[in-house]
Amino acid sequence: MEIEKYQSIAKAFGIENRQFQCNPFGTGHINFTFSLQETNEPEPDYILQKINTHVFPDPEKIASNWNAAESFIRRLDTDYQMIKFLPTMDGNNFFRDEDGEYWRLIPFVKNTFTCETVETPEQAYQTASAFGNLTRLLNGVTISDFQTILSDFHNLSFREWQFNEALAKADFERLEVVKELLITKKSFVQITTEFESIQKQKLLPIRIFHIDAKISNILFSKGTRLPVCIVDYDTLMPGTILSDVGDMLRSMTSDTVEDEADLSKIKFREDFVASILDGYLDAMKNIITINEKRLLYFGGIVLVYMQAIRFLTDYLENDRYYHIAYSTQNLVRAQNQFRLLALMAEKRTEIERKFLV
Ligand code: GN1
Ligand code: MG
């Protein structure tokens, strides 16, 4: 980042007198994240983020949902640890620079770490109960107080439509490369039919969910190695249970990262499924409906399939949505998710019979 830009941001947040090193941070695919750390300090003091306004055209909606959630939860549980966004010196949620970019500042939570894959079933249990607790705590809110930050975000029918549009417009070279994956994709298309039938029958209640409930959005304590708090409230909004339980099954059952290119390394850890479902059900036990419980594992199948087609769509569109580090990364991510999907789908009947009836 250019020094002048950094200086104007630091001034806006009133931290211009501190000597911070500003370095890229984390593994987010959408926003641009930096850590602010003083020399000789073991850990950063702040996280600075530039919002990707191609994805989030109205960042104030994120702040509005966060405020609605925070004030509701605060009345119920004063100890609940929720990441805060620091206001600018003018009292705004974001600093808008002269290019119209939105910046926000978040205090760094010390003595914590994040991970891309979970290590133990206990961590998976605790992570699932953390996401379950968030939704349970928000159970009494007025849903209409929350904005739809991104419309159709986890609507599988919309993602299929987007995929078909991308396919119709894709470059010949990329089409050639994905030929085999298109056959794989076709074999899973009944997931969308089932999803649409659930939507049509309105089987699932609308609640407030995190909607990016993957393992890397949890801060774990370096001491206990258990969750301290949830981060990334960018998509906290009304939705269904498929989203959060789905992203947890997606990101915690596999012991590899979502862009592992060696597909033979992708293992489906069934014992982690039990921990995730237990943790989530324990947290949600007083409010979960019969249909929600019955469809928990299907949530995993929907989310892995949706993520596979979102990555594939972005590959076909020449990588305009997700950050990439190399040219075939979205293709690799899609292949990875289709592999995980095959392993998950194979186990569906057995797992649903064992845990969800
Ligand atoms: C994106 O930027 P990040 O890593 O928080 C994406 C999620 C996907 C995820 C895949 C707004 O999240 O939906 O599940 O990548 N967020 C958006 O890891 O598209
Ligand atoms: Mg996110």
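Source: prediction; values computed, not measured.

Rules behind the numbers
- Residues numbered from 1 in each chain as written.
- Chains lettered and ligands numbered in written order.
- Predicted model: local features only at pLDDT ≥ 70, side-chain atom pairs only at ≥ 80, totals over all residues.
- Heavy atoms only, no water.
- Domains from an automatic or database assignment.
- Contact = heavy atoms within 4.5 Å.
- Buried area = accessible area lost by both parts, 1.4 Å probe.
- Salt bridge = Lys/Arg side-chain N within 4 Å of Asp/Glu carboxyl O.
- Donors = N, O, S within 2.8 Å, 3.2 Å for Na, K, Ca; no water.
- Helix = DSSP H or I, 4+ residues; strand = E, 2+ residues; numbered from the N terminus.
- Buried < 20%, exposed > 50% of the residue type's maximum accessible area, 1.4 Å probe, protein only.
- Near = heavy atom within 4 Å.
- Polar contact = N/O pair within 3.5 Å; in protein donor to acceptor, adjacent residues only side chain to side chain.
- Areas by Shrake-Rupley, 256 points an atom, 1.4 Å probe, with all protein chains shown as cover.
- 1 Å grid on protein atoms, 1.4 Å probe; cavity = no way out; pocket = protein on both sides within 12 Å on 5 of 7 lines; lining within 4 Å.
- Sits in = over half its atoms within 2 Å of the grid points.
- Nonpolar A, V, L, I, M, F, W, Y, C, P; charged D, E, K, R; others polar.
- Points joined across faces, edges and corners; volume = space filled by probe spheres on them.
- Axes fitted to C-alpha atoms, helices over the stretch in contact; angles between N-to-C directions.
- Parallel < 35°, antiparallel > 145°, perpendicular 65-115°, else oblique.
- Left-handed = near helix turned anticlockwise from the far one by under 90°.

## A few points about the domain arrangement of the chain
Step number 1: Here the chain is partitioned into domain 1 (3-108) and domain 2 (121-356).
Step number 2: A C-alpha centroid distance of 26 Å is found between domain 1 and domain 2.
Step number 3: Taken together, the 24 residues of domain 1 in the interface contact 29 residues of domain 2.
Step number 4: Interface area, domain 1 with domain 2, both sides summed: about 2,400 Å², of which 64% is carbon and sulfur.
Step number 5: Here domain 1 and domain 2 share 2 salt bridges between them.
Step number 6: Glu43 is paired through a salt bridge with Lys222; the nearest N and O atoms lie 3.2 Å apart.

## Details of the coordination of the magnesium ion (ligand 2)
Step number 1: For the magnesium ion (ligand 2), every protein donor is listed as Asp212 (OD) and Asp232 (OD), and the spread of their distances is 2.0 Å. Of the two residues, Asp212 sits in the loop between β7 (207-209) and β8 (218-221) while Asp232 sits in the loop between β9 (227-230) and β10 (237-239), which places them 20 residues apart along the sequence.
Step number 2: By relative accessible area, which is 18% here, Asp212 ends up buried.
Step number 3: On the accessibility criterion, Asp232 (24% relative accessible area) is partly exposed.

## Here's the deal with the site of ligand 1
Step number 1: Close to ligand 1 lie 15 residues, the nearest being Lys214, Glu258, Gln307, Arg310 and Tyr321.
Step number 2: One of the side-chain nitrogen or oxygen atoms of Glu258 is found 2.8 Å away from an oxygen atom of ligand 1.
Step number 3: Within the side chain of Arg310, one N or O atom sits 2.7 Å away from an oxygen atom of ligand 1.
Step number 4: Alone, ligand 1 offers 440 Å² of accessible surface; in the complex the protein occludes 94% of this.
Step number 5: Among the detected pockets, ligand 1 sits in the largest pocket.
Step number 6: For the shell around ligand 1, the per-class residue count stands at 6 nonpolar, 3 polar and 6 charged.
Step number 7: Taken domain by domain, the shell around ligand 1 gets at least three of its residues from each of domain 1 (3-108) and domain 2 (121-356).

## A closer look at empty space enclosed by the protein
Over the atoms rolls a probe the size of a water molecule, and its path tells where empty space is left.
Step number 1: In total, this model carries 1 cavity of 30 Å³ or more according to the counting rule given.
Step number 2: When its volume is computed, the largest cavity comes out at roughly 150 Å³.
Step number 3: For the largest cavity, the lining is made up of 14 residues, of which Glu116, Arg250, Ser251, Val257 and Glu258 are closest to its centre.
Step number 4: Ranked by residue count, the leading element in the lining of the largest cavity is helix α11 (residues 329-346), at 3 residues.
Step number 5: Considering only residue class, the lining of the largest cavity consists of 3 nonpolar, 7 polar and 4 charged.

## Quick look at the packing of helix α3 (residues 121-137) against helix α7 (residues 241-252)
Helix packing for two helices is described by the angle between their axes and how far apart those axes are.
Step number 1: The interhelical angle for the contact between α3 and α7, taken along N-to-C directions, is 160°, at an axis separation of 11 Å. Taken together, α3 and α7 sit at an angle that is classed as roughly antiparallel. The way α3 lies across α7 gives a crossing that is right-handed. Contact residues: Ala124, Thr127, Ala128, Phe131 and Thr135 in α3; Asp244, Met248 and Met252 in α7.
Step number 2: Class assignment for the residues of the contact of α3 with α7 results in 5 nonpolar, 2 polar and 1 charged.

## Overview of the side chain of Gln123
Step number 1: Among the structural elements, Gln123 can be located in helix α3.
Step number 2: Classification of Gln123 as buried rests on a relative accessible area of 2%.
Step number 3: In this structure the side chain of Gln123 is engaged in a polar contact, spanning 2.8 Å, whose partner is the backbone nitrogen of Glu119.
Step number 4: Every residue in contact with Gln123, bar those within four places of it in the chain, is listed here: Phe113, Val118, Phe220 and Arg225.

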